Amino acid sequence: MELASNPNNNMSPGKRDILNLSPEELKEELTAMGEKPFHAGQIIRWMYKGTTSFQEMSDLSGSLQRKLDSRFFVGTLQQLKRLVSSDHQAIKYLYLLLDDNIIECVVLKYHHGVTLCLSTQVGCAMGCRFCASTRGGLVRNLTAGEMEAQVLSVQRDLTGHDSGNLGGLVLMGCGEPLNNYVNVLKFIRQIHDPGGFDMGYRNITLSTCGLVPQMRRLAEEGLSINLAVSLHAPNDVLRRKIMKVANAYTIQEVVDAGRYYYEKTGRRVTFEYTLIRGLNDRPEHARELAALLDGFPCHINLIPLNENGQDGLRRSSEGSVHRFEMELEHAGKNVTRRRELGLDIQGACGQLKAAYLERKQDGSGRSDHGIRSIQSPGNPQENQ
């Protein structure tokens, strides 16, 4: 399979991605180089302005610039595709990593601001039936720097297109964040650092399929991020038909871990529920879900299935979605239907990557049906 040539993969193997360093680690590196640790703040500010060359960090001495350049690089991502939805409310990005793996992320524009949904792994090991990102399983974890590079690359793009600034992050892209726990927590702390991107914890949401030990561990971290839990069923029998993780943890264990997170952090937990036709979308399922969450001040987010051809699963009818929502409201539950953005640009996890790789394999070169392709800056050809 032929991939786009990656101009960054010829980088000196002795150099390290400086985005992988926390502010404290960067100060330690500077001290070891015989430099003052306060330069860390200068370097971080430059990187979050979008600067990728140490030579352009004009308030650093030439000597320090050369030292940095001999040891580090500022991680960047090569954009393979940039797709804009017909309503201009979603932008999907396909990026090439240094090792020629591919990831994707999506920008969603809401009335309250611009949110980036980013990836935390290449592929995913969780095997949820409805999710395209599980195809091929887990390849590897992303580093904290590769997650930061998504944020910086997207922010540069938004700035270049006069599309505003990122106001929120959701770790709901490809991969299971809590299966990459150490790197994800490091990324969250780095992106929150006041000297860098300064993203408020309450503007960050982490999504999990329900890894119970890691959920409880996260509750002890002292972070006030939001937690979204993929439930997708009201009982263990149905959940095991949809999600492999249900064979490891019961649905009651998952809900109890969510309660523990709420008790420790005070942050309301959202339970995600994908509605699949004839499988989990009947009124009795809604009533069972309401009983399962009785006494828990949580939020339920209903998501009509975004069909991707996996196992013949079908999207629930509008009538079924409405009845399900009404049953939950009648039971006194806080429930909303997720606003659907990016359906015409393969916005769901893993869909754009899967389509891209399939096209590369068959060598068709066909345009994606129903997708508006946007040229990259300086590239007169479709960026694919």
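Look above for the structure.
Residues numbered from 1 in each chain as written. Predicted model: local features only at pLDDT ≥ 70, side-chain atom pairs only at ≥ 80, totals over all residues. Heavy atoms only, no water.

### Quick word on the packing of aromatic side chains
Tallied over the full model, the rule gives five aromatic pairs. On the numbers, 5.7 Å between centres and 5° between planes, the contact of tyrosine 93 with tyrosine 95 is stacked. Classification of tyrosine 93 by relative accessible area gives buried; the value is 0%. Ring pairs connect the aromatic residues Tyr262, Phe271 and Phe296, which therefore count as one cluster. Directly above the aromatic system of tryptophan 46 lies the positively charged group of lysine 49, at a separation of 4.8 Å from the ring centroid. (Phe/Tyr/Trp six-rings, centres within 6.5 Å; stacked < 30°, edge-to-face > 60°. Buried < 20%, exposed > 50% of the residue type's maximum accessible area, 1.4 Å probe, protein only. Lys NZ or Arg CZ within 6 Å of the ring centre and 35° of its normal.)

### Concerning the nonpolar core
The biggest cluster of nonpolar side chains holds 102 residues, and the ones touching the most others in it are Ile18, Leu68, Phe187 and Ile188. Once you skip the residues sitting within four places of it in the chain, isoleucine 188 turns out to touch Leu171, Tyr201, Ile204, Leu206, Leu223 and Ile225. Listed in part, the five residues of the second largest apolar core include Ala90, Val106, Leu108 and Cys117. (Core = buried A, V, L, I, M, F, W, Y, C linked by side-chain atoms within 4.5 Å. Contact = heavy atoms within 4.5 Å.)

### Remarks on the pattern of salt bridges
One pass over the full model with this rule turns up 16 salt bridges. The salt bridge partner of glutamate 24 is lysine 27, with a shortest N-O separation of 3.4 Å. One end of the pair, glutamate 24, and the other, lysine 27, are both in helix 1 (residues 23-32), three residues apart, so they sit about a helical turn from each other. For glutamate 24, a relative accessible area of 48% gives the class partly exposed. In this structure, the salt-bridge partner of glutamate 307 is arginine 314, at a minimum N-O distance of 3.4 Å. A relative accessible area of 38% means that glutamate 307 is categorised as partly exposed. For arginine 314, a relative accessible area of 43% translates into the label partly exposed. Here the salt bridges share partners, and the residues they tie into one network are Asp99, Arg140 and Glu146. (Salt bridge = Lys/Arg side-chain N within 4 Å of Asp/Glu carboxyl O. Helix = DSSP H or I, 4+ residues; strand = E, 2+ residues; numbered from the N terminus.)

### Structural notes on the packing of helix 9 (residues 283-292) against helix 10 (residues 318-330)
At their nearest, the axes of helix 9 and helix 10 sit 9 Å apart, and the two run at 30° to each other. The handedness of the crossing between helix 9 and helix 10 comes out as right-handed. The segment helix 9 lies against helix 10, with Pro283, His285, Ala286, Arg287, Leu289 and Ala290 engaging Phe324, Glu327 and Leu328. Within the contact of helix 9 with helix 10, the residues separate by chemical class into six nonpolar, one polar and two charged. (Axes fitted to C-alpha atoms, helices over the stretch in contact; angles between N-to-C directions. Left-handed = near helix turned anticlockwise from the far one by under 90°. Nonpolar A, V, L, I, M, F, W, Y, C, P; charged D, E, K, R; others polar.)

### A look at the pairing of strand 10 (residues 204-208)
In terms of residue burial, strand 10 counts as a mostly covered element, since five of its five residues are buried. Of the two faces of strand 10, both are covered, the one formed by Ile204, Leu206 and Thr208 as well as the one formed by Thr205 and Ser207. Bridge count between strand 9 (residues 166-171) and strand 10: three bridges; the pairing is parallel. Among the inter-strand pairings, leucine 171 is bridged to a residue of strand 10, identified as leucine 206. Taking the sense of rotation as the criterion, the β-α-β connection linking strand 9, helix 5 (residues 181-192) and strand 10 turns out right-handed. Inspection of the sheet shows strand 10 paired to strand 11 (residues 226-230) by four bridges, in the parallel sense. Looking across to strand 11, one finds that threonine 205 is bridged to asparagine 226. Handedness of the crossover joining strand 10 and strand 11 through helix 6 (residues 212-219) is recorded here as right-handed. (Pairing = 2+ DSSP bridges. Right-handed = clockwise from strand over helix to strand, strands pointing away.)

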